[in-house]
Structures are given as C-alpha cells and as structure tokens.
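Observations on chain architecture
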Amino acid sequence: MATLSPSNLETADYGTSGWNNIYSSNFQKLNDYLAKFEDLWNSTPDNWSILRYDSSTSKWIKDTIANLSTQLESSLAKVDLSNVDDNTILTKLKNVDGSGSGLDSDTVDGHHADISPTPLTIPVADSSGYINDWINQGEGSGLDSDTVDGKHASDFLPISTDSSISASISGNQWLSVVTSGIVSLPKQSFIHVYMHNGGTNYSVPAETWKKVPLDTIIDDVQNEFDTTNHRFTTSQSGVYFISAIVNIYNPTDQGIYRLTLYKNGSPFTWWSYLGASGVGIQSLIYPIAIKLSAGDYIEILIWGNYSFEIGYGSGNTLLYVAKIA
C-alpha cells in the first residue's frame, strides 16, 4: 500500500486485508474535495473573477479582483512600519516621487519647477543636481521668505540708520526724521490765520462781546479753520497750544479791554486783561495750552468798556493753533 500526494489517497489491492476500509476512506476524501467546489460547479464564470478560500465556510468561493484590492489596501494600512529601517522607507518613496506623485516633495510652497527664469528668483535643481528651474522669491511670490509675519522690511522703522527716516500711512507722510535727529510731524494740526476785513479796521461797540472776524488763512494743515464762522474745529482729540494776538486802535485812556476764548459757544473762565495807558495802539495777547476733543471748536471774542477798533492785517489781529500732543 502507498499514500498518494497531494490528495492523501491510499492504494490497496482488491481482496487484500482492509482494502474495503481504504476504499471507503478514499471515497470520503473525494467527496469532501468535490463538496468544496460545489458552488463553483453551479456558478457561471465571469471575467476578472478568481477563487478565494472563505475560512468561515471552509469553501472556495468566486470573488472579484476589485474586492480583493480593497481588502489588500485595508490590510496594508494596518501594517506596522515601526521596525522598518528609515532608509528603506526613504528609498521606496524616492522610487515613486515626482510630478503628480501627490507627495509634493518636488515643489516649494506648491510651486513646480516649470516657470521661466526671471529677476529675483530662486534656482531649483533637478534630481541630478542641475539647475532646471527658477522660483520667484520676491514680493507677491507667496513664499513670504522675504517677510516677517507678512511684513516687509520697508514696513518697519529702523532703530539706527545713517539715512533720513520717513513714515507714511495710506500715502500720507506722518513722520520725518533727518540725519541731524530733528523730528517733523508733517500732518500735525497747525493753523495761522488773521483778520483782513476788506483792508479796514473792525469797530467794536462799548460793553459788547464781539467775535474777532478772522477771515484769511496763511496755514491750515488739516483744513480745520472756518473763515465764514471765524472758528477753529479740531479733527483729532489732543493737547493744543493756542495763541491769539489783537492790536487795539483808538483806545480810551484808562479804558478796560478783555480778550478771551469761547469753546463750543461758551467762554473760558479767564481772559487776557488790559488797562489802557494813553491813546496809542495797545496789544492784547492770549496764550494757552488746553485739551480738546475731536469736534470741539474755538472762537476769539473781545470786549471793552469804551468803543474801539481792531487793527486789520497779518501783523495786527491773528491766531495760531498747534497740536502738541
């Protein structure tokens, strides 16, 4: 007797001792083998179908390549690479990297090496070490390699420099520092106005507060003086230095004359005071530094216990205002 491979069937001569048991065993094995292919015998073959052993039913079943691919991908996703040498993984990645690989290791900030060389560009080498492309690294490149937090060097004021400094907002220069260290604030509020009054003096009746008709502008950086209402209106809150000068013509000897500021239509609590001595030209000067809010307006008013005249012209009746803080 002999055992056949790979079926494990046994041989026996008819009539020999135990031959019937051997034959019965062989038929049982054949029956088991054929049972495994029963579903296949009864099914219609399809293109791209293969046999797959199903351990849950102990049968060979028909399956599709696509389904096996999905199962293979799922199995590979569970593969533990922690014990695989890093250089082995790197070598495998290099085999598939390149344009379209999805790794983007052949790009810089998403830029492929396929643009023409232009000024202010970064050279890019191919796998052989030869430069075969250029990437723009200047403003607008998207690389931001020439910025700090998105700001270019021109956006920062230098701490130390041998050149003059100029700073602007929306195209308006707000700071200028020359090499001598002198600081200028070109857009800081400043006005210089005076009373022209058609080339004649302005008459003020006795015992009457009258607004000084300042009507001519020499300087007005922020367009804050109104020559119609003869008032200065602040555009920004801050501290302002104000100086008003009025020359009185035809005063009365020993007459009393006062000059004050009105803020938003109300007088200040003090005024410049003059007791005339003689009948020559007398001067009233009113200097003050005050805090004002944006929208506050200032007017100059004058009073005398006798009638008098205000001298016209830039050297007689004038007002200065400068924002100092």
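Now for a quick tour of the structure. (Residues numbered from 1 in each chain as written. Predicted model: local features only at pLDDT ≥ 70, side-chain atom pairs only at ≥ 80, totals over all residues. Heavy atoms only, no water.)

What follows is about the overall build of the chain. In terms of regular secondary structure, the chain is built from four helices and 21 strands. Across the chain, contacts joining residues at least 24 apart in sequence account for 55% of those joining residues at least 6 apart. (Helix = DSSP H or I, 4+ residues; strand = E, 2+ residues; numbered from the N terminus. Contact = heavy atoms within 4.5 Å.)

It is worth spelling out the packing of aromatic side chains at this point. Evaluated as defined, the whole model comprises five aromatic pairs. Here the aromatic rings of tryptophan 19 and tyrosine 23 are separated by 5.4 Å at their centres, their planes lie at 85°, and the arrangement is edge-to-face. Note that tryptophan 19 and tyrosine 23 are positioned in helix H1 (residues 19-36) at a spacing of four residues, about one turn of the helix. Assessed through its relative accessible area of 33%, tyrosine 23 is described here as partly exposed. (Phe/Tyr/Trp six-rings, centres within 6.5 Å; stacked < 30°, edge-to-face > 60°. Buried < 20%, exposed > 50% of the residue type's maximum accessible area, 1.4 Å probe, protein only.)

We now examine the side chain of threonine 317. Summarising the element assignment, threonine 317 is placed in strand E21 (residues 317-323). By relative accessible area, which is 1% here, threonine 317 ends up buried. Once residues lying within four places of it in the same chain are set aside, the contact partners of threonine 317 are Val193, Tyr194, Met195, Val212, Leu214, Ile245, Val246, Asn247, Ile310 and Gly311.

For helix H4 (residues 86-96), the buried fraction is low: zero of the eleven residues fall into the buried class. The backbone nitrogen of asparagine 87 lies 3.0 Å from a side-chain oxygen of the residue at the head of H4, namely aspartate 85. (Polar contact = N/O pair within 3.5 Å; in protein donor to acceptor, adjacent residues only side chain to side chain.)

Before going further, it helps to examine the pattern of salt bridges. The final tally for this structure, using the stated rule, is three salt bridges. Glutamate 299 is paired through a salt bridge with lysine 211; the nearest N and O atoms lie 2.7 Å apart. In this pair, glutamate 299 sits in strand E19 (residues 297-304) while lysine 211 sits in strand E10 (residues 210-211), placing the two residues 88 residues apart along the sequence. A residue is classified by how much of its surface remains accessible, and glutamate 299, at 5% relative accessible area, is buried. (Salt bridge = Lys/Arg side-chain N within 4 Å of Asp/Glu carboxyl O.)

What follows deals with a nonpolar patch on the surface. A cluster of nonpolar side chains, namely Leu157, Ile169, Trp174, Val183 and Leu185, defines an oily patch on the protein surface of about 470 Å² accessible area. With respect to the helices and strands, the residue tryptophan 174 is situated in strand E6 (residues 172-177). Under the relative-accessibility criterion, tryptophan 174 is labelled partly exposed at 36%. (Patch = residues over 30% accessible without salt bridge, like charges linked within 9 Å, V, L, I, M, F, W, Y side chains within 5 Å. Areas by Shrake-Rupley, 256 points an atom, 1.4 Å probe, with all protein chains shown as cover.)

Let's shift gears to the sheet that holds E6. Spatially, three strands are ordered E5-E6-E7 in an open sheet, and the strand pairing comes out antiparallel. Only two strands of the sheet have a single neighbouring strand rather than two, namely strand E5 (165-169) and strand E7 (183-184). Alignment of E6 against E7, held across two bridges, turns out to be antiparallel. Following the sheet pairing, valine 177 is matched in E7 by valine 183. (Pairing = 2+ DSSP bridges.)

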